[in-house]
Amino acid sequence: MNSKDFFDQFYQKTKEHSYSKSLYTFFEEIVRPRLSTSDLVILELGSGHFSLFEDISDLQAEVTAIDFSSSAIALAPKSKISYKEVSLVDGLFFNEAKYDLVFDSHCINCITNEEERDIAFKNIYASLKVDGLFASELMIQPDVDQVSMPFKMIKSTQDVEQEIISHGFRILYFTISRDSGFTSVVDGKEIKCDLLRLVAEK
Ligand SMILES: C[S@@+](CC[C@H](N)C(=O)[O-])C[C@H]1O[C@@H](n2cnc3c(N)ncnc32)[C@H](O)[C@@H]1O
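The sections below set out a description of the structure shown in this document.

What counts as what
Residues numbered from 1 in each chain as written. Predicted model: local features only at pLDDT ≥ 70, side-chain atom pairs only at ≥ 80, totals over all residues. Heavy atoms only, no water. Helix = DSSP H or I, 4+ residues; strand = E, 2+ residues; numbered from the N terminus. Buried < 20%, exposed > 50% of the residue type's maximum accessible area, 1.4 Å probe, protein only. Contact = heavy atoms within 4.5 Å. Pairing = 2+ DSSP bridges. Arc of directions from axis to C-beta. Near = heavy atom within 4 Å. Polar contact = N/O pair within 3.5 Å; in protein donor to acceptor, adjacent residues only side chain to side chain. Areas by Shrake-Rupley, 256 points an atom, 1.4 Å probe, with all protein chains shown as cover. Nonpolar A, V, L, I, M, F, W, Y, C, P; charged D, E, K, R; others polar.

Regarding unusual backbone geometry
Positioned with a positive phi, Asp39 is a non-glycine residue whose angle comes to about 55°. Among the secondary structure elements, Asp39 is positioned in the loop between helix H2 (21-31) and strand S1 (40-45). Look at Asp39 and you get exposed, because its relative accessible area is 64%.

So this is what it looks like as structure tokens:
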């Protein structure tokens, strides 16, 4: 099964609207203070069927939320947020430098080969205005014992840092948390990753 089929099936089974609450905290505490206060244009990557920006109040922003799962987009609420079925590794959608912020809602971890990640980072860079921000919360390898999860690419901190810099970004914020890392159960075994939060500027 490929990654798109996996997520399509997941959203066909999971109808309740939700997102990872750590994304909300990351946006409010770390990203929002770095944004201007009005007329923002924001792109969310991998919103699933419910954008976290549905719950962000007092934000003067035009928000587009993309996800490559047609099932997710079909289930998205009718709201001020524009939900679009787009893959981060498609070219055409990203050909205009129009966003003040590109916010990764756990999408980049789901891009599991280097060629596609290269396209994804080039697309993000191209779609940002000059001085626009890219913010991402990522699973990274823990200090000991390499981990893997199906349909995820989990890099080391150093490899993510290199990936960001090599695509032309300037890192403004880069913090690793060992306590609030992601936990998942794979084949009955608990897998725990560290959590990286980063903000970078074009
Ligand atoms: C781990 S889920 C996170 C969903 C939601 N943001 C949340 O917090 O629960 C990752 C999301 O990214 C989407 N996704 C994965 N690869 C993608 C790609 N190449 N382009 C667009 N969306 C993608 C999946 O369909 C899925 O909805």
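Some words on the environment of Asp8
With respect to the element layout, Asp8 can be found in helix H1 (residues 3-13). Taking the C-alpha atoms as reference points, Asp8 and Ile108, separated by 100 residues in sequence, lie 17 Å from one another. Look past the residues within four positions of Asp8 in its chain and what remains in contact with it is Ser69, Ser70 and Ser71.

Focus: the environment of Phe121
Within the secondary structure layout, Phe121 lies in helix H4 (residues 114-127). For Phe121, a relative accessible area of 2% puts it in the buried group. Sequence spacing of Phe121 and His167 is 46 residues, and the spatial spacing of their C-alpha atoms is 6.6 Å.

Some points on the side chain of Ser47
Looking at the element boundaries, Ser47 is found in the loop between S1 and strand S2 (61-67). Its relative accessible area of 6% is what places Ser47 among the buried residues. When sequence neighbours within four positions are dropped, the list of residues in contact with Ser47 reads Ala65, Ile66, Asp67 and Tyr83.

Things to note about the pairing of strand S8 (residues 189-192)
When strand S7 (residues 183-186) meets S8, the two strands line up antiparallel, connected through four bridges. Residue pairing across strands places Val186 opposite Lys189, the latter belonging to S8. With antiparallel pairing between neighbouring strands as the criterion, S7 and S8 make up a hairpin whose turn holds two residues, including Asp187 at a positive phi of roughly 50°.

A few points about H2
Taken as a whole, H2 has its buried residues at Leu23, Phe26, Phe27, Ile30 and Val31. All buried residues of H2 lie within an arc of 115° about the axis, which places them on one face of the element. Opposite the buried face of H2, by more than 90 degrees, sit the exposed residues Lys21 and Glu29. In this structure, the buried residues of H2 make contact with strand S4 (99-104), strand S5 (128-140), strand S6 (170-177) and strand S9 (194-201).

Here's the deal with the site of the ligand
What surrounds the ligand is a group of 19 residues, the closest being Tyr11, Ser20, Gly46, Asp67 and Leu88. Contact distances for the ligand include 2.5 Å between an oxygen atom and a side-chain N or O atom of Asp67. Phe68 places a main-chain nitrogen or oxygen 3.1 Å from a nitrogen atom of the ligand. When the ligand sits alone it has 590 Å² of accessible area, and the protein chains cover 90% of it. In the shell around the ligand, the residues fall into ten nonpolar, eight polar and one charged.

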